[in-house]
Every structure is written in C-alpha cells, then in structure tokens.
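# Inside the fold
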Amino acid sequence: MDIIDRRPNPHGKNLENRQRVLARAREAVARATRQAIDQGTLREVGHDQAVTIPSDALHEPSFHTVFSTGQRQLVLNGNREFSTGDRLKRPPGGGGGQGSGDGQGSGDGEDGFRFILTRDEFLDLFFEDLQLPDLVKNQIVATEATAPMRAGISVDGNPSQIDMGRSMRQSMARRIGLRRPKTPEVLALEAEIAALEEAGLDEDAERLLFLNAELALAMRRLARVPWIDPMDLRYRRYTQVPKPVARAVMFCLMDVSGSMSETMKDLAKRFFLLLHVFLERRYKRVELVFIRHTEVAEEVDEQTFFTDPRTGGTIVSTALAELIRVQRARYPHDSWNIYAAQASDGDNSGSDTQKAVAMLEGEILPIVQHFAYIEVRSAMMIRGETDLWRGYAPLSQRLPKLAMRRVAEQKDIFPVFRDLFGRKAATP
Amino acid sequence: MADMPLLYSGTDWDFHVIQRSYDAIERIACEELGLEVYPNRIEIITAEQMLDVYTAHGMPLSYRHWSYGKRFLQHSSSYRRGYTSLAYEVVINSDPCISYLMEENTATMQALVIAHAAFGHNHFFRNNHLFRQWTDASAILGYLEFARSYVAGCEDRHGAAAVERVLDAAHALSRHGVHRHGGARSLNLKTDQKRERERRDYDEQVFDDLWRTLPVTRQAPAAGPSGERRRRLGLPEENLLYFIEKTAPRLQSWEREIIRIVRLIAQYFYPQPQAKVMNEGCATWVHNRIMTRLHETGQIDDASFLEMMHSTSNVIMQPGFEHTSGFNPYALGFAMMSDIERVCTQPTAEDRSWFPDIAGNGDPIGTLRHAWANFRDESFVLQFLSPAVMRQFRMFRLLDDTAEKTLLVDAIHDDEGYRAIRRSLAQSYDPAESDADVQVVDVDLEGDRRLMLQHRCRPGQRLAQHDAEQTLRYAAALWGYDVTLQEVDTDTEAVLATYTAKPSSS
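Every value quoted in this text rests on a predicted model; they were computed, and no experiment measured them. (Residues numbered from 1 in each chain as written. Chains lettered and ligands numbered in written order. Predicted model: local features only at pLDDT ≥ 70, side-chain atom pairs only at ≥ 80, totals over all residues. Heavy atoms only, no water.)

Helix and strand content of chain A: 13 helices and 14 strands. Across the 428 residues that make up chain A, the buried fraction comes to 43%. For chain A, contacts bridging at least 24 residues in sequence account for 81% of all contacts bridging at least 6. In the form shown here, chain A has an accessible surface area of approximately 22,500 Å², with 52% of it arising from carbon and sulfur atoms. (Helix = DSSP H or I, 4+ residues; strand = E, 2+ residues; numbered from the N terminus. Buried < 20%, exposed > 50% of the residue type's maximum accessible area, 1.4 Å probe, protein only. Contact = heavy atoms within 4.5 Å. Areas by Shrake-Rupley, 256 points an atom, 1.4 Å probe, with all protein chains shown as cover.)

Put into structure tokens, the structure is as follows:
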C-alpha cells in the first residue's frame, strides 16, 4: 500500500475548463452580469459576483426517453397507509417520482445555472459589454505621485547601486586592453624559474635570465594596471516616473428634492454604479462618498442615499460646498484621485447657479480628475435647457474635465458612459 | 479475544495512524472476510482537489473540455453555499486502486473510508463480472494519460474550436457509444498510439495529388439490394459512435481518434450505474463489518465506534417516497447485504421457502462474495430481495396509467405483492429498460449518404423531443451528411415520429 500526500500538488486543475465554460456561455453570462449590476448595491458589485444563467446555455443533450403515454409501474418505499387497490391523486407537477431510474440530472432542472465569477472575470465581461476602447481605460489621468524606475546605466551614482556585472565587464575589457597579466601566467613563470634554479644547469642560464625579465615586467604591469579602477564602475540609474495613486475617492452627488422621481434616481444610480465599477478596475481601493442635497446638503450612507425620499427646494451649491468640505477633511488631493459625479434633474434656484458654477470652476475642477454631470429627465417630458445645464455648458467647453450628458432612459446609460470617456480619448 | 492496542485516540490523524489503521483493516479484510483486492494506493487531498476529482466523474485526469468546467462550477457553487458536503472519499477502478481521502476527515473517518473504498469497492471492482468483463483496470490510467495528451495535441494542431466541435458531438452520443455485448476490448496505451501512428502513416502513403485531377465520372449504380449493403456494414449497429468512427465518410483521422477516446471512456464507465446498489451495499457492509470488528478487538474506542455508527446511519438514510424520487443505493444495498447475512445465519421459515439454497448455510461471507462476483443490480434484486427487506422499506407499487385520473396501488408488501414488487424493482435497474434503444439501421454510402437511425420505443417511452433534435444535429455534424431518426413502436412497427438533421454548412 502506498500513501501519497497530494495536498501540495498544484491546485486549480480546472481553471482552464472553467474559462472554457465562460467562453461558451459568454453571451448568457454577459446578460446575467448586467442583471446582477441592476440588483447589486454599489459596493458589492464586482466582488465575488454570483450570476445565474439559464441552464440551456450549457445544456448537454443526449438521446433519452421520457414517459408520455401508456402504463408504467413504479416501486416506492415508505408505505404507511396504502393497501392494494387504493387510488392516489397524481402529485402536482405530474412527475410521480422518476421511478424509471433515469438519473440524468444535468440540464433537466428548470433552475438556472448559478456560479460565482471572480472579480476579474466579472469586469472583463462587463466592460466587454460596454465595448469601451482600451485607450479609454488609460485615459483617466494619473496623479503626481512618482516611483523610481530602472533607466539604464550611469557612470556615477550611489555605491549601493553599483551594477557589479557591468562594472566587472568594463574592468575586464580594460585589463585585456592594457595587457595586465593573469595570475596563473605569473604563477607559471615563477614555477618555471623555481624549477630551473633548482636544477641549476648552465645551459638554462640564458632562459632563466629571460624568464626573470618577463617576471619583472609582469610584476610591474600588475602594479600599474589595477584589477578594478574607479573608471570601470557603472551604476544603475533610476528615474522617477509618475505612478497612478492606487486609491481613489468617488463623490456621488444627487439632487433628492421632490422633483426627482424614483426612475430618475434609478437612472442616476446606474450611472454612479458604472463609474464605480470603472474606477474599481483602475484603482486598488475606491472609496465612496454620498452627498445628497435639497436646500441643504448632507453626507449619507448608500442605503439612505438611494431610498430615503426628501422634499424641498434645490440649492446645488450646498452639495458642492459639502464636497469641498469632505474632500478637505479626509481626502487631500495630492494623495487621492478624486472623481465626482453629479446627478440632477437640472432644477436649481435661480440665484444659486452662478455661485455653483463659480465653486465648480474655482475650487472643484482644479483638484478632481474628472467631474461628470448627468442630467436625468423622464422620457415623457420635453424641456428646453435647464438652469444648471445653461450654467455648466460654457464651463464644460472650456474645461474638458467637466463632462455633461443628458439621460432619459435606462438604455441611454451605457452609450452615455461610453461617450463620456470616449470623447476624452478622441482629444487627448 | 485478545484485546489489542488502540490504533489511535482522538480525532487527529497522521500518516502513521493511517498506516496502522490500514494494516489492521487489511488483516480483517483479507483474513476474516477473504476479500481479494487490487493493490491499494491512498492519496490525501484537500477539499479543492476533491472538487477537481468530482468534475471528471472521478477520473484522476481527463482531457480539457468545457463540460468538466461546468460540473466543476456546479459542484463548487453548491459546496460553497453549503447545499452539499463533499464525499469523504472517491475511489477509482484501476490497478493499483486509487482512493482519495479528504484531509478534513477525522482519524475514524479515515479508517472508515479505507475500509469502505480501499477494501469494499476495491474488492467489488476486482471481482464483479461486469467490471471484469467491461473494464481493464490496469490500463485505464495510462489510457487517460494518452487521451489527455492526444486531445491537447489535436488542439495545438487543429485549434480548440475544431476539437470542441467533435468532443461536443461525441459526448452527446456517448451513451450510445458502448458495446453492450462482447465484453472488454483491451485498452492499451501502446497499441492505441501505434494504431494512431499507422493511421497517419497510411494517410500519408495513399496521398496522391493525381486523384484530384481525375475527371468526375458518373456514379456507378448502387450495387445489390440494400440487404447486402447492410450486411456488409454490419447493420443494424447499436454503437452509434463506433459506427460513425469506422464509417463516417468525411471525418479526418484525428477526429476518428477523438471519437474513439470518448467511446472507450464511455465504455469504461458503462458498468458503474448497473451495479450501483451492489457496489455501495458491498462497500458499506464491508466497512460496517470491519469497523465493528476493530471495536470488538479493542483497536478503536467507543467514541470512534459511535462516530462510525453515526456516519454510517447518515449514509444509509432512506427518506420516504414523498421526499425523494427513488431508493438510496447505500440504504437498499446495505439492507440487502445485511439481510443475506441474516438469512445465512438465522433463517426464518419464510426465508427457508424463499431462499432454500442459502438459508441457514452458515457461510454468510461466502454467499455474499458469490453475489458480489456474479450479479448486477437487476439480477441481484431479482434473486436476493427478501420479503423481510420489502417490509423493512415498506415497499409498494404504483400503476401509472395516463388514461386514468389517479394512480393505482397495485401491490404492497404482502404475500400477494412480494413477487410483483420484486420484479418491478429489478426491472427498474435494468439498463435495457431505461436506455433508449437507438440503432443505425441503414446508410447508402454510394447514394445520398443519409444515415438512418431508428429508436425502437417501448410503450409510452418516447424520446425527449428537444434533446433528440439537438443530439441528432450533433450526429449530423459528425456524419457530415443528413441524418434521420425514426421512432418506431416496438409492438406495432408504426412510425411515431421522424426527425431529420442536416450538417451545418460550416
């Protein structure tokens, strides 16, 4: 008998098979992904996302029989009250137990096929669905943080950064060029001289003389030409390259006044969500700040943000002020990538728009990577430009950081999102 | 009896504990029970590796295909959500016999599964006539290795999509890729590689560009009556994959080899479902017996013994008919094995009239070994299901007549019902009753090359339509020309339905 401990063996033998399943059911999985996004909360999306796809996407057919008409006999167990001749109602669903022992399970169940996607798989599918050009993913501007990166070789530098290999190569070239004798050669000379002197024969005197001269020359060269010289030294050079800060904060601003209906809020939610997933793909850590406003603004949690209705007027600048306050208190702009998305129906009290625009231009736009303004409107209403739109529009033309779009229906969200980031790619 | 030292105490195990337990179990299994087993190999694996083992029906390795990924996702998802727990062990019918043991098992569980798998199942694999006839335990590991590398090689040469197309189609037909008669054909890595090489050499030898330049001549009229043609092709043929592999006009030789791989693996698994009740019954009875003996000889303590009882009774739990759709093979198998033991040692008058040849023969182990070797589920139930077990399970029979509004209880566990119930239950384990009987009946290789299949249905047992259509499309993809399937009523020879599939143009 052998006992083999297989535990240290490589795991994940089925990784390849798993990828093939996803490839095969790609369409169904992508659809399921979109549904999962609809249902999930912002923070959960993309983390071990469970998706359910219809089982027929992965059905494996075979010839097998089903009982349809006629007679069959089933043997069952657990008889408590029946005696011969009793009649039973058919169980609902018509199954009557699959007595014929056909254990073909897979694919027959009406249940969907549910499994958990890793975050990478999920995001791949999600962004494939969006068909974002790859360029766009690089378009979110990196911050000033830098990291050293290897950049070739230099002749001066810090001793700790000596490149031994390079330095020795230089030294060897120089030694060969200057004909510095090698240690074995010198030893051989010395050995030969010693041997000749030992023998002490007259006919060797001339040879001995020659060898002594050779040895003297070699010793002189050894003393003159150093093994390694300061001019051989080579150092690894580093340059500072900008590196994206691996964390970002995303401010979600939303008007929750009475004029925002549930559908409008839902549209806004989908947009926020998309942006969040998008940022998550780029940054290791993405924090969310939810700011809702009516006449006053406050920071709330996600649940309250989307569900708790408020009534009242609308003063947009309060939300912007709150954004600035939170940002200053918790997210210094030199160590955070800051993104903001504002959703509103465009209403604002007349006098406030100028103030909001000024705050945006003067205080917010300089520190954020991107500011998206989404104007949601219900599909029914046909309206001209809103106060806020009129206020933001000229600013947006001057500063590409501010992007603004209108969204009326759910299906607009993806195109608008793509458009927002696609436009930046077109004009770098 | 002499009290022997405890093999272990507590729940933790290490490799010495496993070795000691194995030796003690082997002593009982081979000396007291007279089991004959393949050499054992015990492999300790983690839960994640167990999931891997599950995906390929317990094959230790297999070629890559999405269907394995699907099973992997199913198992891992239901495991992660706590719907199912993993098996304590998986055992492979090979020589040496490989048993996978989970690292989470307690020391008692390791001993139990060694007794269960490494001796119970192992003895069954080695001795049961189905396995001896249809599978070649010594060759399977080598063959799987060959299959894996061959399929991977094809993927490199012809692309994963092309290979997947063949595998999908062959998998769909794999239930009909089995020789039901004639027993094992040898699985041999060497000869398989050799045949595959010869095939390729032959293709190279006979290749002649000249053939391409010949003018197209009118087809000679089909020679002879169709009877002669069918005789030459060996029709009717129920092994669809075999027929396609040998006869399909448009397959490449590597495609034929892949079909052969699927076919041979299907053949290897063919006996398993036919002897599930017996196999599990045998293994459960053996582990129960061995663990009881270990306890009697003082080699395991009371706590371990109770743990063993607990997990055994979990395994042999049989829920009532309201909650399940059939018999738990562990429960029925174990009950029947225990019952045979009882009949041999303490027969009642009823047993003497039902089983005159074994009742009171005093050799329960010999009788069981005889049963394990020479029966399969269907014949085993027909031969050995006793009234006592039928009463224990409170079996009854329902007549389901679709013309009636209600189901009729036409037999229960009483004197009038015993034989009827036994016959019906045995029938339900007969693969001939549950597998669809699909055969190749005709093909005109010189004409339009349409492949004619026939399903001979038993009364009321029609093919599931949607699946039949899809499967037929797969068959057409392999065949390369139209395939027609007729459903014919066995009694009246009336054609009930006709399906036709064309090969997709791609």
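To continue, consider the sheet that holds strand β6 (residues 438-443) of chain B. Residue and element names in this part refer to chain B. Pairing is mixed in the open sheet, where four strands are placed in the order β6-β7-β9-β10. Each edge of the sheet is formed by a strand with only one pairing partner; in this case those strands are β6 and β10 (495-501). Strand-to-strand twist in this sheet, taken as the mean axis angle between neighbours without regard to direction, amounts to 25°. As judged from the seven bridges shared by strand β7 (residues 451-457) and strand β9 (residues 483-489), these two strands associate in the parallel manner. For Leu451, the partnering residue across the bridge sits in β9 and is Val483. Across the sheet, helix α11 (residues 240-247) lies against β6 and β7, angled at about 30° from β6, the strand it touches most. Set on the sheet, helix α22 (residues 465-479) makes contact with β6, β7, β9 and β10; between it and β10 the angle comes to about 45°. (Pairing = 2+ DSSP bridges. Axes fitted to C-alpha atoms, helices over the stretch in contact; angles between N-to-C directions.)

Glancing now at helix α17 (residues 364-374) of chain B. Residue and element names in this part refer to chain B. In terms of burial, α17 is a largely internal element, eight of the 11 residues being buried. Restricting attention to buried positions, one finds in α17 the residues Pro364, Ile365, Gly366, Thr367, Leu368, Ala371, Trp372 and Ala373. In the core, the buried residues of α17 are packed alongside α1 (15-32), α4 (107-127), α5 (129-134), α13 (276-296), α15 (329-345) and α18 (377-384).

What follows is about the packing of aromatic side chains. In total, this model carries 23 aromatic pairs over all chains according to the counting rule given. The interplanar angle of 85° and the centroid separation of 5.8 Å between the aromatic rings of Trp13 of chain B and Phe15 of chain B together place this pair among those described as edge-to-face. Its relative accessible area of 16% is what places Trp13 of chain B among the buried residues. Residue Phe15 of chain B is classed as partly exposed on the basis of its relative accessible area, which comes to 32%. Arranged with centres 6.0 Å apart and planes meeting at 75°, the rings of Phe124 of chain B and Phe131 of chain B form a pair that is edge-to-face. Side by side, Phe124 of chain B and Phe131 of chain B carry an identical accessibility label, which is buried. Every member of this aromatic cluster is reached through a ring pair, and the members are Phe82 of chain A together with Phe321 and Phe396 of chain B. Lying across the ring of Trp227 of chain A, Arg175 of chain A places its NZ or CZ 3.6 Å from the centre. When the ring centre of Trp354 of chain B is taken as reference, the NZ or CZ atom of Arg419 of chain B above it lies at 4.2 Å. (Phe/Tyr/Trp six-rings, centres within 6.5 Å; stacked < 30°, edge-to-face > 60°. Lys NZ or Arg CZ within 6 Å of the ring centre and 35° of its normal.)

Our next topic: the interface of chain A and chain B. Tallying the contact residues gives 61 residues for chain A and 89 residues for chain B. Carbon and sulfur atoms make up 53% of the surface buried where chain A meets chain B, a total of about 7,500 Å² over both sides. If you look at where chain A meets chain B, you find 11 salt bridges. Of the charged contacts in the structure, one is a salt bridge between Arg64 of chain B and Glu16 of chain A, with a shortest N-O distance of 3.7 Å. Across the contact surface, chain A and chain B share 39 residue pairs in polar contact (both at pLDDT 80 or more). (Buried area = accessible area lost by both parts, 1.4 Å probe. Salt bridge = Lys/Arg side-chain N within 4 Å of Asp/Glu carboxyl O. Polar contact = N/O pair within 3.5 Å; in protein donor to acceptor, adjacent residues only side chain to side chain.)

Right, let's get into the environment of Ala283 of chain B. Residues and elements named next belong to chain B. Mapped onto the secondary structure, Ala283 falls in helix α13. Separated by 168 residues in sequence, Ala283 and Ala115 have C-alpha atoms that sit 7.8 Å apart. Filtering out sequence-adjacent residues up to four positions away, Ala283 remains in contact with His116, Gly120 and His121.

To continue, consider the pattern of salt bridges. A complete count under the given rule lists 46 salt bridges over all chains for this structure. Among the charged side chains, a network of salt bridges with common partners joins Arg199, Glu245, Lys246, Glu257, Arg260 and Arg263 of chain B.

What follows is about the nonpolar core. Residue and element names in this part refer to chain B. Ranked by internal contacts, the top residues of the largest apolar core, which has 85 residues, are Phe119, Leu332, Trp372 and Met395. Here this core spans two domains, and each of domain 1 (15-135 + 273-307) and domain 3 (348-433) adds at least three residues to it. Residues contacting Trp372, with those up to four places away along its chain left out, are Leu35, His123, Phe124, Asn128, Met278, Cys282, Trp285, Val286 and Met337. In this structure, Met50, Tyr143, Val166 and Val438 belong to the second largest nonpolar core, which totals 66 residues. (Core = buried A, V, L, I, M, F, W, Y, C linked by side-chain atoms within 4.5 Å. Domains from an automatic or database assignment.)

Here Asp95 of chain B and Pro96 of chain B are connected by a cis peptide whose omega angle stands at 0°. Within the secondary structure, Pro96 of chain B is located in the loop between β2 (89-92) and β3 (97-102). The phi dihedral of Arg179 of chain A is positive, around 55°, even though this residue is not glycine. With respect to the secondary-structure elements, Arg179 of chain A resides in the loop between α5 (164-177) and α6 (183-199). Even without being a glycine, Glu493 of chain B presents a positive backbone phi close to 60°. Structurally, Glu493 of chain B can be placed in the loop between β9 and β10. Glu493 of chain B gets classed as partly exposed once you look at its relative accessible area, which sits at 46%.

A few words on the packing of α13 of chain B against α17 of chain B. What describes two packed helices is the angle between their axes and the distance between those same axes. Residues and elements named next belong to chain B. Running from amino to carboxyl end, α13 crosses α17 at an angle of 155°, the nearest separation of the two axes being 11 Å. Compared by their axis directions, α13 and α17 come out roughly antiparallel. Two packed elements cross with a definite hand, and for α13 against α17 that hand is left-handed. Here α13 contributes Met278, Cys282, Trp285, Val286 and Arg289 to the contact with α17, which in turn contributes Ile365, Leu368, Ala371 and Trp372. Among the residues forming the contact of α13 with α17, the class breakdown is eight nonpolar, no polar and one charged. (Parallel < 35°, antiparallel > 145°, perpendicular 65-115°, else oblique. Left-handed = near helix turned anticlockwise from the far one by under 90°. Nonpolar A, V, L, I, M, F, W, Y, C, P; charged D, E, K, R; others polar.)

Note on placement: Gln49 of chain B falls in helix α2 (residues 47-55). Separated by 3.0 Å, the side chain of Gln49 of chain B and the backbone nitrogen of Thr46 of chain B make a polar contact. When sequence neighbours within four positions are dropped, the list of residues in contact with Gln49 of chain B reads Arg6, Arg7, Asn9, Pro10 and His11 of chain A.

Taken together, four strands build an open sheet; the order of strands is β4(A)-β4(B)-β5(B)-β5(A) and the sheet is antiparallel. Each edge of the sheet is formed by a strand with only one pairing partner; in this case those strands are β4 (71-76) and β5 (87-89) of chain A. This sheet shows a mean twist of 35° between the axes of neighbouring strands, independent of strand direction. Here three bridges tie β5 of chain A to strand β5 (residues 406-412) of chain B, and the two strands are oriented antiparallel to one another. Across the sheet, Arg87 of chain A pairs through a bridge with Leu408 of chain B, a residue of β5 of chain B.

Structural measurements only, silent on function.
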